[in-house]
Amino acid sequence: MRYLILSDIHSNLEALEKCLEVARGRYDETLCLGDVVGYGPDPNAAVDVVRNMAPVIIRGNHDKACCGIIGGEDFNPYARMATIWTRDQLSVRNLALLRNLPSGPVDVNGFQLVHGSPQDEDEYLAGPEEAMDALLSMTSSFALFGHTHLQGGFQLNADGFFQIIRFYGLRDGCVFTLQLEEGARYLINPGSVGQPRDRDWRAAFAIFDSDRRRVEYYRTSYDLPRTQAKMRQAGLPEPLITRLEFGR
Ligand code: ZN
């Protein structure tokens, strides 16, 4: 089975549609790791696309805040403004869908989907200490996570060797293929579709091939000026608009 893994779409329709165009014909099923909304200008369109293609969508912290499960008081002021704007925009139907999304971990055919970490849906697995803790306490050997918007992940080999999975792929398309090792544990982050933070502005996603036991990481350029123009039109905060072009 080839799974298209989408995470942290953040209401960025241009990035989402471009990822789907690049991935077309290369996968069997879609899984979404949360944060469909928040920050970007197209919350309803993003939810509509994902709800129609992904049988499993878990919730992210922005999904929770935008549908009112949490207040978003701990968000920075710009994120909070975007949350309030998004809540106003969302249709009754899409608000209901977001309210009913499951929290991670969700088990899919022997592996796990989480937004933050297997222990805590809101935890950021950004550095080796948190990742090591998570890898050691995982109940499956393979988990997909998002939340940090950093494409890559972490690996713990059978002999106890820990690795951070990072790479720089300059061309659009598949930028790195990770062959999974027998007996190793993995936390894999497909990267963020709609607001990457690894200093590469291009939309990110991954395809997990469970038969060939490998992860293919992708990057693709998209019509960023169009997304930014929509954000200005909507009156979303300028720092959220400019950060997109720096991948921050
Ligand atoms: Zn996010």
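Just above, that's the structure.
All figures in this text were calculated on a predicted structure; none of them were measured in a lab.

Participant: When you look at the coordination of the zinc ion in this model, what are you seeing that I'm missing?
Facilitator: Six octahedral donors at a metal ideally form angles of 90 or 180 degrees, and four tetrahedral donors ideally form angles of 109.5 degrees. Distances from the zinc ion to its protein donors, D8 (OD), H10 (NE2), D35 (OD) and H149 (NE2), fall at 2.1 to 2.3 Å. Classification of the site at the zinc ion as irregular follows from its 4 donor atoms and the range of 85 to 177° in their angles at the metal. Site description for the zinc ion: donor spacing in sequence, D-x1-H-x24-D-x113-H. You'll find D8 and H10 in the same group, each marked buried.

Participant: Can you help me understand the packing of helix α1 (residues 13–23) against helix α2 (residues 43–53) in this one?
Facilitator: For any two helices packed against each other, the geometry is given by the interaxial angle and the distance between the axes. Where α1 contacts α2, the axes come no closer than 9 Å and their chain directions differ by 30°. It follows from the interaxial angle that α1 and α2 lie roughly parallel. The two elements α1 and α2 meet at a crossing, and its hand is left-handed. Mapping the contact onto sequence places L13, L16 and L20 in α1 and A45, A46, V49, V50 and M53 in α2. Looking at the contact of α1 with α2, its residues break down into 8 nonpolar, no polar and no charged.

Participant: Mind showing me how you'd approach the environment of D88 here?
Facilitator: Mapping D88 onto the fold places it in helix α4 (residues 77–89). The exposure class assigned to D88 is exposed, which follows from its relative accessible area of 65%. Sequence separation between D88 and C66 is 22 residues, and the spatial gap between their C-alpha atoms is 8.8 Å.

Participant: Looking at this model, I keep getting lost on the pattern of salt bridges. Mind explaining?
Facilitator: Close approach of charged atoms lets side chains of opposite charge pair. By the definition in use, this model includes 14 salt bridges. R2 is the partner of D209 in a salt bridge, and the nearest nitrogen-oxygen pair spans 3.1 Å. Here D209, found in strand β11 (residues 203–209), pairs with R2, found in strand β1 (residues 2–6); they are 207 residues apart in sequence, far enough to count as distant. Notably, a salt bridge pairs E216 with R2, separated by 3.0 Å at the nearest N-O pair. On the criterion of sequence distance, the pair formed by E216 in strand β12 (residues 214–220) and R2 in strand β1 is long-range, its members being 214 residues apart. Classification of E216 by relative accessible area gives buried; the value is 4%.

Participant: Sorry, what's going on with α2 here?
Facilitator: Because the α-helix completes a turn every 3.6 residues, residues three or four places apart line up on one side. All of the buried residues along α2 are P43, A46, V47 and V50. Take α2 and look down its axis: the buried residues cluster within an arc of 95°, on one side only. Residues of α2 that are buried make contact with α1, β2 (29–32), β3 (56–57), α4 and α5 (92–99).

Participant: Looking at this model, I keep getting lost on the packing of aromatic side chains. Mind explaining?
Facilitator: Per the stated rule, a full pass over the model turns up 13 aromatic pairs. With centroids separated by 6.4 Å and ring planes inclined at 55°, the aromatic side chains of F142 and Y186 adopt a geometry described as tilted. On the criterion of sequence distance, the pair formed by F142 in strand β6 (residues 142–144) and Y186 in strand β10 (residues 185–189) is long-range, its members being 44 residues apart. Neither residue differs from the other here; F142 and Y186 are each classed as buried. Seen from their ring centres, F167 and F176 are 4.6 Å apart, and the 15° between their planes marks the pair as stacked. Note on F167: relative accessible area 12%, which makes it buried. In this structure an aromatic cluster arises from ring pairing among Y3, F111, F142, Y186 and F208.

Rules used throughout
- Residues numbered from 1 in each chain as written.
- Predicted model: local features only at pLDDT ≥ 70, side-chain atom pairs only at ≥ 80, totals over all residues.
- Heavy atoms only, no water.
- Donors = N, O, S within 2.8 Å, 3.2 Å for Na, K, Ca; no water.
- Tetrahedral: all angles 85-135°; square planar, octahedral: opposite > 155°, others 65-115°.
- Buried < 20%, exposed > 50% of the residue type's maximum accessible area, 1.4 Å probe, protein only.
- Axes fitted to C-alpha atoms, helices over the stretch in contact; angles between N-to-C directions.
- Helix = DSSP H or I, 4+ residues; strand = E, 2+ residues; numbered from the N terminus.
- Parallel < 35°, antiparallel > 145°, perpendicular 65-115°, else oblique.
- Left-handed = near helix turned anticlockwise from the far one by under 90°.
- Contact = heavy atoms within 4.5 Å.
- Nonpolar A, V, L, I, M, F, W, Y, C, P; charged D, E, K, R; others polar.
- Salt bridge = Lys/Arg side-chain N within 4 Å of Asp/Glu carboxyl O.
- Arc of directions from axis to C-beta.
- Phe/Tyr/Trp six-rings, centres within 6.5 Å; stacked < 30°, edge-to-face > 60°.

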